Amino acid sequence: MKPINSVVCIKPVPDQRFWDKVSLDKKTKTLRRTGIPIALGPLDKNALEEALRIREASGGKVTAISMGPPGTEEILEWAIVLGADEAVLLTDRAFAGADTWATAYALAWGIKKLGGADVVFFGNESLDGSTGQVGPQVAEFLDMPHVTHVNKLDLVGEDALRARFHIEHGFIDVEVKRPVVIAVEKTINEPRCPTLWGTIWLRERKIIRWSADDVGADKAKIGLPGSPTQVSDVITIELKRKSEILSGEPSDVARLLVQKLQADSVLPKG
Amino acid sequence: MKEHKGILVFAEQRAGKLSSVGLELLGIGRKIADKQQEELAAVLIGHKVGPLADELGEYGADKVYLADNPLLDVYRSDAYTILMQEVIQQYKPNILIMGATCIGADLAPRVAAKVNTGLSAHCVGFDIDDQGRFVGQVPGFGGAVMASVICPNHYPQMATARPGFFEKLERQKGRKAEVVKVDVKFKEEDLKIKVVGTFVEELKSRPLEDADIVVAGGYGVGGKENWKLVEELAGVLGAGVGATRPPCDEGWADLERQMIGQSGKTVRPTLYIGVGISGAMHHLVGIKNSKVVVAINKDPNAPIFQAADYGIVGDLCQIIPRLIEAMRVSS
C-alpha cells in the first residue's frame, strides 16, 4: 500500500471550563479572552486519532497545522505528544481577525507549502464557534473533494477512501479518491491517551513557525482585511425570565403550578 | 440598479421529502423579500422532485430553480456545489440562506468559497440594517454571546439558519411558483464523490422540535429509574421528552432524537419543564423560544431558575408524582 500523508488542522479554542470568564469589551465589541487557557478541541483529537490510525495501516506522515498567536504552540505540542510527526504553526499579525474564509485560505496555503496532503483532517466543528465551515472551504481552495460529518472511514483500493456521512436520522456512504478533506465526528473513534514516549518524542521535535510571507499567502486575502464577513455588533445574552419560585409541601406546590400554568393558558383548564 | 437582487433559499430534500428547514427558510425569506420588495426564489435539487416545487410555491416561493437528474438522487457536495454555483450566476441573488442541517452545513461553506463570498453560520435571527445590509445573528460560546455578522462587499450575502428556530408560513393552497429548469451539464465520471449507499430512518414519532409541550431531564435526574418519572410526566401531558447531554452519554436518552441545545435540537413549545437540569448556556439557548419555562431542581442556586418562569426547589421523586396527580385531577 502506498504511504498516506495526512495533515490535521487544529483550532486553538478557549478551554470550555473557563467560558464563564469570557467577557465582552463594550467599547471595542471584542471578547476579552485574556487569562483563559487554550485547549485542543475534543473533535480535533478525533481528527488526529484518525490520521494516526491511517498512518499505522499504510505508513506515511502525520502533520498537525494550526493558525494562531505564538501561544498556540502548546496545543501543537499536544499533537506531537499524541503521535504527530511534525507540527506547523501559521503565526503572523497579518493572520489576525480572520473569518472562516480567510482562515481557510491561510490554512490552504500552509498545506500547499507542506507539499499538499493525501488526506486533510478536521474536527467537524470547533467548540467555541462551531461553524464547521473551514474544512469545506480549505477543500475548495485546494481543489479537493470534501466529506464532513464522517463517523466511519476506511481505506479502499489503492487511492480511495470510503466515508460514512452522518445526516439527520441516517447516513450516506460515499467513496472518494484521495486527495480529500475529511471532517470527523466524535463517534468515529476513541482518541488515544498521551504516553511517556510521546513526551520524550516531543523533546526531539520543534514546532515549525511560518509567517504569511513564508507560505506565500496574498495579504489581501488573509486576516481581517481578507475576511468577507464582519462582526458589526456583539452582545452577551441574558435569558432571564420572571423566576417565580413556588414553595411549600410538594402536593401544594404541584397544585399551585398547575393553576399558574392554566392561568397562562399553557395547560387546559379542568 | 442593483446588480444583485432577490432572496434565494436552499430547499433541502431527502429521499423525495422536503425538509422542514427548507420551509422555515421560505418563512424568513418571505419577510425579507416583502420588506425589500424583492423576489423570493428556492433551489430544489434532486431526482424526481418536480412535484415538490408546487409545495415550495404554497409555502411562499415566487420562483423555483429546479435541477432534476438521476445524478442528483442522493446528496454529494461536488455535484450540488456545481448546481448552486450555476443558479447563483444565473440569478445573482442579493441574499442566499441555507439550513444548518448536516447537508446544509456541508454544502454552504463550499458554495461560499466557490463564489467567493462570506457566510455566517447557524444564525438564530436575521435582519436588514439601516444601510440595507443583511445581518445574521450568530451565537457563540455555547450561546452566551451573540454576534451580528454582515458581509458588506461580497454577493450573495450568505447565511445558514438553525433548523427549528424559525416559523414556516401558513400553507397557501394553490399559490404557484414559476419553475425554472437548471440543466445538469456534468456526467457521473466528472464527479469525485461516488454514492455507494444511503439509509434514512422512517420516523415513527413526532420530532421533538414540533412538540407543544416538552419535558426535559438533566444529569440531576440521577439514574435510569428516575428517568422513568420524567417519561411518565411527559406521558400524562402528551409531551415530547428531551435531555441535556449527560443523560444521552449515560444512555438514559437518545443523543440524536432527544438532546436539546446548542449542538442539539431547538424546541419551541408552549410549555417546557426542565427536571434536574442545572441550566448551562448550551442547553438554555435551545429552549429560548419556549412560551413558559418551568424548572424543577433540588439545588436552589441552579442557574436554570433565573431562566425559568416558575421554579420548584425540591426532590424530583417527591415533586413529579404530585405533579402528575395534580395534572390528572385538573384535566
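Residues numbered from 1 in each chain as written. Chains lettered and ligands numbered in written order. Predicted model: local features only at pLDDT ≥ 70, side-chain atom pairs only at ≥ 80, totals over all residues. Heavy atoms only, no water.

**A word on the domain arrangement of chain A**
Link 1 in the chain: What the domain assignment reports for chain A is domain 1 (6-221) and domain 2 (240-270).
Link 2 in the chain: Computed from C-alpha coordinates alone, the two centres of domain 1 of chain A and domain 2 of chain A are separated by 49 Å. (Domains from an automatic or database assignment.)

**Observations concerning the packing of aromatic side chains**
Residue and element names in this part refer to chain A.
Link 1 in the chain: For the structure on display, the rule yields 14 aromatic pairs over all chains.
Link 2 in the chain: The interplanar angle of 45° and the centroid separation of 5.9 Å between the aromatic rings of tyrosine 105 and tryptophan 109 together place this pair among those described as tilted. Taken together, the residues tyrosine 105 and tryptophan 109, both in helix 3 (residues 100-113) and four residues apart, mark about one turn of the helix.
Link 3 in the chain: The exposure class of tryptophan 109 is partly exposed, given its relative accessible area of 25%.
Link 4 in the chain: Seen in terms of ring centroids, tyrosine 105 and phenylalanine 141 are 5.9 Å apart; in terms of plane orientation they differ by 80°. Their pairing is edge-to-face. Of the two residues, tyrosine 105 sits in helix 3 while phenylalanine 141 sits in helix 4 (residues 134-142), which places them 36 residues apart along the sequence.
Link 5 in the chain: The rings of Trp101, Tyr105, Trp109 and Phe141 are connected pair by pair, giving a single aromatic cluster.
Link 6 in the chain: Positioned over the ring face of tryptophan 109 is lysine 112, at 4.2 Å from the centre of the ring.
Link 7 in the chain: Lying across the ring of tryptophan 210, lysine 113 places its NZ or CZ 5.3 Å from the centre. (Phe/Tyr/Trp six-rings, centres within 6.5 Å; stacked < 30°, edge-to-face > 60°. Helix = DSSP H or I, 4+ residues; strand = E, 2+ residues; numbered from the N terminus. Buried < 20%, exposed > 50% of the residue type's maximum accessible area, 1.4 Å probe, protein only. Lys NZ or Arg CZ within 6 Å of the ring centre and 35° of its normal.)

**Section: helix 3 (residues 77-91) of chain B**
Link 1 in the chain: Over its 15 residues, helix 3 of chain B extends 21 Å from the first C-alpha to the last, a length consistent with the 21 Å expected when each residue adds 1.5 Å.
Link 2 in the chain: Residues of helix 3 of chain B that are buried include every one of B:Ser77, B:Asp78, B:Ala79, B:Tyr80, B:Thr81, B:Leu83, B:Met84, B:Val87, B:Ile88 and B:Tyr91, and no others. (Expected span 1.5 Å × (residues − 1).)

**Re the nonpolar core**
Link 1 in the chain: A:Phe121, A:Leu153, A:Ile182, B:Ile45 and B:Met84 are the most contacted members of the largest nonpolar core, which totals 70 residues.
Link 2 in the chain: The dominant element in this core, judged by the number of residues it contributes, is helix 3 of chain B, at seven residues.
Link 3 in the chain: Residue contacts for B:Met84: discarding those within four places in its chain leaves B:Phe10, B:Val43, B:Ile45, B:Leu96, B:Met98, B:Leu107 and B:Val111.
Link 4 in the chain: Formed by 63 residues, the second largest nonpolar core is a distinct cluster that contains B:Ala11, B:Ile28, B:Ala33 and B:Val138. (Core = buried A, V, L, I, M, F, W, Y, C linked by side-chain atoms within 4.5 Å. Contact = heavy atoms within 4.5 Å.)

**Quick word on the packing of helix 3 of chain A against helix 4 of chain A**
All names here are of chain A.
Link 1 in the chain: Where helix 3 contacts helix 4, the axes come no closer than 8 Å and their chain directions differ by 50°. On the basis of their axis angle, the class for helix 3 and helix 4 is oblique. As helix 3 packs across helix 4, the resulting crossing turns out to be right-handed. The residues of helix 4 that touch helix 3, namely those facing Thr100, Trp101, Thr103, Ala104, Tyr105, Leu107, Ala108, Ile111 and Lys112, are Val134, Gln137, Val138, Phe141 and Leu142.
Link 2 in the chain: Class assignment for the residues of the contact of helix 3 with helix 4 results in 10 nonpolar, three polar and one charged. (Axes fitted to C-alpha atoms, helices over the stretch in contact; angles between N-to-C directions. Parallel < 35°, antiparallel > 145°, perpendicular 65-115°, else oblique. Left-handed = near helix turned anticlockwise from the far one by under 90°. Nonpolar A, V, L, I, M, F, W, Y, C, P; charged D, E, K, R; others polar.)

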